[in-house]
Amino acid sequence: MLRFLPLGLIVLLVLLPSLLILFATHRPLKARIPMATMAFISPVLMFGLVNMLPYLTNDVRNAPQWAHLVGLALWGAGFFLPWLIFALFLHVGRKASAS
């Protein structure tokens, strides 16, 4: 049971927005593929950024607490980046209604 919970969270938080972007029919395929790829790859890039800088993962002996907190915030933000990209995908290119 404990193995399925993180896998389900990863699917919901990362894979689902990528698939929703990919299968949206109101945009051409040329616009959907780069956005879906960016939504799918963005958590990996964020985790790589945090792990590449040892200052953010508290691997440095003199790292202050704020640096570790920023690393944790960036690591957590990696799960929500696909949803932000999905929201941008839905709203970019829409024309404002003239009322």
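Here the structure is shown first, and the text comes after it.
I21, A24, M35, A36, A39, I85, F86 and F89 together form the largest nonpolar core, which totals eight residues. Those elements that place two or more of their residues in this core are α2 (29-52) and α3 (65-91). Excluding residues that lie within four positions of it along the chain, F89 makes contacts with I21, A24, H26, R27, A31, R32 and M35.

What follows covers a nonpolar patch on the surface. Where nonpolar side chains cluster on the molecular surface, the patch consists of F4, L7, V11, L15, L19, F23, F40, I41, V44 and L45 and spans about 980 Å² of accessible area. Residue assignment for the nonpolar patch shows that the elements contributing at least two residues are α1 (4-22) and α2. Note that L15 resides in helix α1.

Cut-offs applied
Along each chain, the written sequence defines residue order, and numbers are assigned to residues from 1. At least 70 in pLDDT is required for a residue's local features to be given in this predicted model, at least 80 for side-chain atom pairs to be given and counted, and no such filter applies to totals for whole chains, interfaces and linings, which use all residues. In computing side-chain properties, one takes all heavy atoms of the structure into account and sets aside hydrogens as well as water. Note on terminology: a nonpolar core comprises buried Ala, Val, Leu, Ile, Met, Phe, Trp, Tyr and Cys residues joined through side-chain atoms within 4.5 Å. Note on exposure labels: buried denotes an accessible area under 20% of the residue type's maximum, exposed denotes more than 50%, and partly exposed covers the range between, all computed with a 1.4 Å probe on protein chains only. Put simply, DSSP marks the helices as runs of H or I at least four residues long and the strands as runs of E at least two long, and each gets a number from the N terminus on. Two residues form a contact once any of their heavy atoms are found within 4.5 Å. Note that patches include only residues with greater than 30% relative accessible area and no salt bridge, and the join distances are 9 Å for like charges and 5 Å for nonpolar side chains (Val, Leu, Ile, Met, Phe, Trp, Tyr). Throughout, the Shrake-Rupley method with a 1.4 Å probe supplies accessible areas, and for residues the shown protein chains are the sole cover considered. Salt bridge, as used here: a side-chain nitrogen of Lys or Arg that lies within 4 Å of a carboxyl oxygen of Asp or Glu.

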